[in-house]
Amino acid sequence: MTPELKAKIEKLVQENKILVFMKGSKLMPQCGFSNNVVQILNTLGVPYETVDVLAELDIRQGIKEYSNWPTIPQIYINGEFIGGSDIAIELYQSGELQQMVEVALAS
Amino acid sequence: MINPQQVKTMIQEQFPEAQVEVAGDGEHFEAVIVSPKFEGKSKVKQHQMVYAAVNDAMASEVIHALSLKTYTPEAWQTVAGKI
(Lines give C-alpha, C1' and ligand atoms only; values in the text may rest on other atoms or scores of the structure.)
Protein backbone atom coordinates (compact mmCIF):
# COMPACT_ATOMS: atom_id res chain seq x y z
CA MET A 1 0.00 0.00 0.00
CA THR A 2 1.33 3.44 -0.90
CA PRO A 3 1.92 5.98 1.88
CA GLU A 4 -0.64 8.25 0.16
CA LEU A 5 -3.34 5.59 0.28
CA LYS A 6 -2.55 4.78 3.90
CA ALA A 7 -2.77 8.49 4.77
CA LYS A 8 -6.09 8.75 2.92
CA ILE A 9 -7.56 5.84 4.88
CA GLU A 10 -6.19 7.15 8.19
CA LYS A 11 -7.75 10.53 7.53
CA LEU A 12 -11.16 8.98 6.81
CA VAL A 13 -11.00 6.82 9.91
CA GLN A 14 -9.91 9.68 12.17
CA GLU A 15 -12.39 12.23 10.85
CA ASN A 16 -15.51 10.11 11.26
CA LYS A 17 -16.57 8.82 14.66
CA ILE A 18 -18.49 5.96 13.11
CA LEU A 19 -17.37 4.87 9.65
CA VAL A 20 -18.29 1.86 7.56
CA PHE A 21 -16.36 0.69 4.52
CA MET A 22 -19.00 -1.17 2.54
CA LYS A 23 -20.15 -2.32 -0.88
CA GLY A 24 -22.74 0.15 -2.15
CA SER A 25 -24.39 2.96 -0.23
CA LYS A 26 -26.58 3.23 2.86
CA LEU A 27 -29.65 3.37 0.65
CA MET A 28 -28.51 0.67 -1.74
CA PRO A 29 -26.13 -1.81 -0.17
CA GLN A 30 -24.73 -4.14 -2.83
CA CYS A 31 -23.98 -7.04 -0.55
CA GLY A 32 -25.91 -8.82 2.20
CA PHE A 33 -23.10 -8.45 4.72
CA SER A 34 -22.83 -4.71 4.13
CA ASN A 35 -26.61 -4.52 4.43
CA ASN A 36 -26.46 -6.22 7.86
CA VAL A 37 -24.21 -3.49 9.19
CA VAL A 38 -26.32 -0.68 7.71
CA GLN A 39 -29.48 -2.18 9.23
CA ILE A 40 -27.87 -2.47 12.66
CA LEU A 41 -26.61 1.10 12.65
CA ASN A 42 -29.97 2.37 11.38
CA THR A 43 -31.69 0.48 14.19
CA LEU A 44 -29.38 2.14 16.72
CA GLY A 45 -30.37 5.47 15.15
CA VAL A 46 -26.85 6.90 15.27
CA PRO A 47 -25.15 9.15 12.72
CA TYR A 48 -22.51 7.36 10.66
CA GLU A 49 -20.63 7.77 7.41
CA THR A 50 -19.94 5.18 4.74
CA VAL A 51 -17.34 4.68 2.03
CA ASP A 52 -18.41 2.71 -1.04
CA VAL A 53 -15.42 0.50 -1.88
CA LEU A 54 -16.98 -0.44 -5.22
CA ALA A 55 -16.53 3.21 -6.25
CA GLU A 56 -13.04 3.51 -4.74
CA LEU A 57 -11.05 0.52 -5.86
CA ASP A 58 -7.77 1.63 -4.28
CA ILE A 59 -9.48 1.77 -0.90
CA ARG A 60 -11.12 -1.61 -1.52
CA GLN A 61 -7.69 -3.28 -1.52
CA GLY A 62 -5.97 -0.87 0.84
CA ILE A 63 -8.47 -1.20 3.66
CA LYS A 64 -7.92 -4.97 3.79
CA GLU A 65 -4.21 -4.42 4.41
CA TYR A 66 -4.81 -1.49 6.73
CA SER A 67 -6.90 -3.59 9.12
CA ASN A 68 -5.39 -6.99 8.38
CA TRP A 69 -8.93 -8.09 7.62
CA PRO A 70 -9.81 -9.75 4.28
CA THR A 71 -13.46 -8.83 3.86
CA ILE A 72 -15.85 -5.91 3.46
CA PRO A 73 -17.75 -4.44 5.37
CA GLN A 74 -15.44 -3.00 8.01
CA ILE A 75 -16.59 -0.81 10.88
CA TYR A 76 -14.45 1.80 12.61
CA ILE A 77 -15.54 3.55 15.79
CA ASN A 78 -13.41 6.40 17.16
CA GLY A 79 -10.60 5.43 14.81
CA GLU A 80 -10.51 1.84 16.00
CA PHE A 81 -11.28 -1.18 13.83
CA ILE A 82 -14.23 -2.98 15.41
CA GLY A 83 -14.83 -5.84 12.99
CA GLY A 84 -17.04 -6.93 10.13
CA SER A 85 -20.62 -8.12 9.84
CA ASP A 86 -20.36 -11.11 12.19
CA ILE A 87 -18.80 -9.14 15.02
CA ALA A 88 -21.25 -6.28 14.51
CA ILE A 89 -24.15 -8.70 14.93
CA GLU A 90 -22.64 -10.24 18.08
CA LEU A 91 -21.86 -6.84 19.60
CA TYR A 92 -25.34 -5.60 18.75
CA GLN A 93 -27.01 -8.63 20.30
CA SER A 94 -24.96 -8.31 23.49
CA GLY A 95 -25.67 -4.57 23.78
CA GLU A 96 -21.96 -3.70 23.56
CA LEU A 97 -22.26 -1.95 20.22
CA GLN A 98 -24.80 0.49 21.59
CA GLN A 99 -22.41 1.34 24.45
CA MET A 100 -19.49 1.76 22.06
CA VAL A 101 -21.33 4.19 19.79
CA GLU A 102 -22.69 6.16 22.74
CA VAL A 103 -19.19 6.57 24.16
CA ALA A 104 -17.85 7.55 20.75
CA LEU A 105 -20.55 10.13 20.09
CA ALA A 106 -20.16 11.63 23.56
CA SER A 107 -16.41 12.06 23.17
CA MET B 1 -15.06 -23.73 -6.35
CA ILE B 2 -13.92 -25.38 -3.19
CA ASN B 3 -15.92 -27.43 -0.76
CA PRO B 4 -16.45 -26.90 2.96
CA GLN B 5 -14.16 -29.82 3.76
CA GLN B 6 -11.24 -28.07 2.00
CA VAL B 7 -11.87 -24.89 3.95
CA LYS B 8 -12.02 -26.93 7.14
CA THR B 9 -8.68 -28.54 6.29
CA MET B 10 -7.05 -25.11 5.77
CA ILE B 11 -8.26 -23.91 9.17
CA GLN B 12 -7.41 -27.18 10.88
CA GLU B 13 -3.80 -26.98 9.64
CA GLN B 14 -3.33 -23.78 11.64
CA PHE B 15 -5.55 -24.89 14.51
CA PRO B 16 -4.81 -28.60 14.92
CA GLU B 17 -6.20 -28.58 18.46
CA ALA B 18 -9.48 -26.88 17.54
CA GLN B 19 -12.98 -28.13 16.93
CA VAL B 20 -13.86 -26.84 13.48
CA GLU B 21 -17.15 -27.00 11.59
CA VAL B 22 -17.59 -25.47 8.13
CA ALA B 23 -20.65 -25.18 5.90
CA GLY B 24 -20.97 -23.43 2.57
CA ASP B 25 -22.04 -23.33 -1.06
CA GLY B 26 -18.63 -23.25 -2.75
CA GLU B 27 -18.10 -19.48 -2.47
CA HIS B 28 -19.76 -18.37 0.75
CA PHE B 29 -18.86 -20.25 3.88
CA GLU B 30 -19.55 -20.16 7.55
CA ALA B 31 -17.33 -21.66 10.18
CA VAL B 32 -17.43 -22.30 13.90
CA ILE B 33 -14.04 -22.69 15.57
CA VAL B 34 -13.50 -23.59 19.21
CA SER B 35 -9.88 -23.27 20.30
CA PRO B 36 -7.93 -22.58 23.47
CA LYS B 37 -5.67 -20.35 21.33
CA PHE B 38 -8.42 -17.71 21.47
CA GLU B 39 -8.12 -17.25 25.23
CA GLY B 40 -7.40 -13.66 26.23
CA LYS B 41 -7.84 -12.39 22.68
CA SER B 42 -10.45 -9.94 21.40
CA LYS B 43 -13.05 -11.09 18.87
CA VAL B 44 -11.31 -9.08 16.15
CA LYS B 45 -8.00 -10.75 16.96
CA GLN B 46 -9.64 -14.19 17.04
CA HIS B 47 -11.17 -13.68 13.61
CA GLN B 48 -7.91 -12.26 12.23
CA MET B 49 -6.15 -15.45 13.35
CA VAL B 50 -8.64 -17.58 11.40
CA TYR B 51 -8.58 -15.31 8.34
CA ALA B 52 -4.80 -15.62 8.32
CA ALA B 53 -5.19 -19.39 7.89
CA VAL B 54 -7.26 -18.92 4.72
CA ASN B 55 -5.58 -15.73 3.52
CA ASP B 56 -4.52 -16.99 0.07
CA ALA B 57 -7.96 -18.37 -0.75
CA MET B 58 -9.62 -15.13 0.32
CA ALA B 59 -7.15 -12.85 -1.44
CA SER B 60 -7.73 -14.73 -4.70
CA GLU B 61 -11.50 -14.66 -3.99
CA VAL B 62 -11.80 -18.42 -4.25
CA ILE B 63 -13.57 -17.86 -0.96
CA HIS B 64 -15.89 -14.89 -1.45
CA ALA B 65 -17.07 -14.73 2.13
CA LEU B 66 -16.30 -16.57 5.32
CA SER B 67 -18.60 -15.89 8.20
CA LEU B 68 -16.97 -16.76 11.51
CA LYS B 69 -17.98 -17.69 15.00
CA THR B 70 -15.01 -18.18 17.29
CA TYR B 71 -15.08 -19.38 20.87
CA THR B 72 -12.70 -20.39 23.61
CA PRO B 73 -13.61 -23.81 25.04
CA GLU B 74 -14.99 -22.02 28.09
CA ALA B 75 -17.14 -19.61 26.04
CA TRP B 76 -18.32 -22.54 23.92
CA GLN B 77 -19.63 -24.30 27.05
CA THR B 78 -21.83 -21.29 27.74
CA VAL B 79 -23.09 -21.07 24.16
CA ALA B 80 -23.57 -24.82 23.77
CA GLY B 81 -25.62 -24.83 26.96
CA LYS B 82 -28.11 -22.46 25.36
CA ILE B 83 -28.59 -24.42 22.15
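Calculation criteria
- Residues numbered from 1 in each chain as written.
- Chains lettered and ligands numbered in written order.
- Predicted model: local features only at pLDDT ≥ 70, side-chain atom pairs only at ≥ 80, totals over all residues.
- Heavy atoms only, no water.
- Axes fitted to C-alpha atoms, helices over the stretch in contact; angles between N-to-C directions.
- Helix = DSSP H or I, 4+ residues; strand = E, 2+ residues; numbered from the N terminus.
- Parallel < 35°, antiparallel > 145°, perpendicular 65-115°, else oblique.
- Contact = heavy atoms within 4.5 Å.
- Nonpolar A, V, L, I, M, F, W, Y, C, P; charged D, E, K, R; others polar.
- Salt bridge = Lys/Arg side-chain N within 4 Å of Asp/Glu carboxyl O.
- Buried < 20%, exposed > 50% of the residue type's maximum accessible area, 1.4 Å probe, protein only.

A. Region of the structure containing the packing of helix 1 (residues 3-15) of chain A against helix 3 (residues 57-67) of chain A. All names here are of chain A. It is at 10 Å that the axes of helix 1 and helix 3 come closest, and there the two elements cross at 80°. Regarding the angle of helix 1 to helix 3, the classification is roughly perpendicular. From helix 1, Leu5, Lys6, Lys8, Ile9, Glu10, Leu12 and Val13 reach across to helix 3, where they touch Asp58, Ile59, Gly62, Ile63 and Tyr66. For the contact of helix 1 with helix 3, the per-class residue count stands at 7 nonpolar, 1 polar and 4 charged.

B. Region of the structure containing the pattern of salt bridges. Counted by the stated rule, this structure contains 4 salt bridges over all chains. With a shortest N-O distance of 3.5 Å, Lys8 of chain A and Glu56 of chain A are connected by a salt bridge. Of this pair, Lys8 of chain A sits in helix 1 while Glu56 of chain A sits in the loop between strand 2 (49-52) and helix 3, placing them 48 residues apart in sequence. Note on Lys8 of chain A: relative accessible area 35%, which makes it partly exposed. Taking the shortest distance from any N to any O, the salt bridge between Lys43 of chain B and Glu90 of chain A comes out at 3.5 Å. Pair noted here: Lys43 of chain B is in helix 2 (residues 43-53) and Glu90 of chain A is in helix 4 (residues 85-94), and the two residues belong to different chains. Taking the relative accessible area as the measure of exposure, Lys43 of chain B reaches 24% and is therefore partly exposed.

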